[in-house]
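For reference, the chains in residue letters:
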Amino acid sequence: MTHTQLMEAPKFRETDLPPGMDKLLQDYPRASWDAHKGFAQATRNWLGAHKAFRKLSRFTREDTQRYLDKTVEAEKFASNLSYFGNALVANLYGHHHWEDMEYFPELSAADPRFDSGLAILEEDHQCLNGLLENLTLKANRVIKLVQLDESAAYEEAGELLPVTEAVETLLTRHLADEEDLAVPIILHHRLRG
Ligand SMILES: [Fe+2]
Ligand SMILES: [Fe+2]
C-alpha cells in the first residue's frame, strides 16, 4: 500500500446506488423473497444479522442522545454502551471480513452483474470500519470517564453522538443496498441453499 493510499480515507457515501444497478431487483422484488423457493435459511440468517445491526446502531445512537438529554443514568449508559457498542463493533467487523473474503466473491462468480455494485459495497465496508474504530475510541473514553469525571464524560458523549449517527446512517444505506444487490442474485441462481 502506498503512502497516498494510506492517507486517503474512504468516502462516506451520501447517495443511493446509481439507477439501473439493481436491475435484477425488478424481477425479484422484496415482497416476493419470503415465498421464493430459493430463499434458504442461510439467507434468512444473513438478513437476520442485518436486522440486529440496524437495532444495535439505532440503540447506540438513541442511548447516547438519552444520556445527553439526562434521561438515562451515567452508570447505566456506560454499561449499555460497553455491552451493546461492543456487540455492534465486534460482530460488524467479523461480518464485513466474511463478506469481503467469501460472500462477495461467491456472488461475483455466480453472476457478473454483482460486480457493478461490488466496489461501492467494499468501499462502504472500509468507511464503516473506520467509523467503528472512531466509535470504539470515543466510547471507551466515555466509559472510563464516567468513573473518573462525569462532566468530562458528558462532553465526550457529545463527540460520540455524531459518530453514532454516521454509523447508523451509512450502515442503514449499506445494508439495504447490499440486500437489493445480493438477494435477487441468490434467488436467481439458487445460491446458499
Ligand atoms: Fe456489508
Ligand atoms: Fe452485510
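Calculation rules
- Residues numbered from 1 in each chain as written.
- Chains lettered and ligands numbered in written order.
- Predicted model: local features only at pLDDT ≥ 70, side-chain atom pairs only at ≥ 80, totals over all residues.
- Heavy atoms only, no water.
- Salt bridge = Lys/Arg side-chain N within 4 Å of Asp/Glu carboxyl O.
- Helix = DSSP H or I, 4+ residues; strand = E, 2+ residues; numbered from the N terminus.
- Buried < 20%, exposed > 50% of the residue type's maximum accessible area, 1.4 Å probe, protein only.
- Donors = N, O, S within 2.8 Å, 3.2 Å for Na, K, Ca; no water.
- Tetrahedral: all angles 85-135°; square planar, octahedral: opposite > 155°, others 65-115°.
- Core = buried A, V, L, I, M, F, W, Y, C linked by side-chain atoms within 4.5 Å.
- Contact = heavy atoms within 4.5 Å.

### Focus: the pattern of salt bridges
Working step 1: Inspection of every chain in the model, using the stated rule, returns 13 salt bridges.
Working step 2: Aspartate 177 is the partner of arginine 13 in a salt bridge, and the nearest nitrogen-oxygen pair spans 2.9 Å. Of this pair, arginine 13 sits in the loop between helix H1 (3-7) and helix H2 (30-33) while aspartate 177 sits in helix H6 (residues 150-189), and the two are 164 residues apart along the sequence. We note that arginine 13, like aspartate 177, is buried.
Working step 3: Three or more residues are tied together by salt bridges with common partners; here these are Arg30, Arg54, Glu179 and Asp180.

### Re unusual backbone geometry
Working step 1: Phi angles above zero are rare outside glycine, and lysine 70 is one such case at about 60°.
Working step 2: Positionally, lysine 70 belongs in the loop between helix H3 (41-68) and helix H4 (74-110).
Working step 3: Residue classification places lysine 70 among the exposed positions, given a relative accessible area of 62%.
Working step 4: Residue arginine 190 is not a glycine yet carries a positive backbone phi of 50°.
Working step 5: For arginine 190, the position within the fold is in the segment after H6.

### Brief notes about the coordination of the iron ion (ligand 1)
Working step 1: Coordination of the iron ion (ligand 1) by the protein is provided by Glu99 (OE), His125 (NE2), His174 (NE2) and Glu178 (OE), with metal-donor distances spanning 2.0 to 2.2 Å.
Working step 2: For the iron ion (ligand 1), the four donor atoms in the first shell make angles of 84 to 171° at the metal, so the coordination geometry reads as irregular.
Working step 3: If you look at the iron ion (ligand 1) and the iron ion (ligand 2), they sit 3.2 Å from each other and are both ligated by glutamate 99. With a gap of 79 residues between them, glutamate 99 in helix H4 and glutamate 178 in helix H6 connect regions that are remote in the sequence. Of the two residues, glutamate 99 and glutamate 178, neither departs from the other in class, the shared state being buried.

### Some points on the coordination of the iron ion (ligand 2)
Working step 1: Looking at the iron ion (ligand 2), the protein donor atoms are His50 (NE2), His95 (NE2), Glu99 (OE) and Glu178 (OE), and they sit 2.0 to 2.2 Å from it.
Working step 2: Note that the iron ion (ligand 2) binds four donor atoms; their angles at the metal cover 78 to 168°, and the shape is irregular.
Working step 3: Here the donor residues of the iron ion (ligand 2) are spaced in sequence according to H-x44-H-x3-E-x78-E.
Working step 4: The class for glutamate 99 is buried, based on a relative accessible area of 0%.

### A closer look at the nonpolar core
Working step 1: Counting residues in each nonpolar core, the largest one holds 31 residues, and the members touching the most others are Tyr67, Phe77, Leu88, Val142, Leu160 and Leu171.
Working step 2: Looking at this core, the elements with two or more residues in it are H3, H4, helix H5 (115-148) and H6.
Working step 3: If you tally residues by element for this core, the top one is H6, at 10 residues.
Working step 4: If near-sequence neighbours (up to four positions away) are discounted, leucine 88 is found in contact with Phe53, Leu56, Ser57, Thr60, Val167 and Leu171.
Working step 5: Core analysis: the second largest hydrophobic core is formed by 22 residues, Tyr28, Leu118, Leu181 and Leu187 among them.

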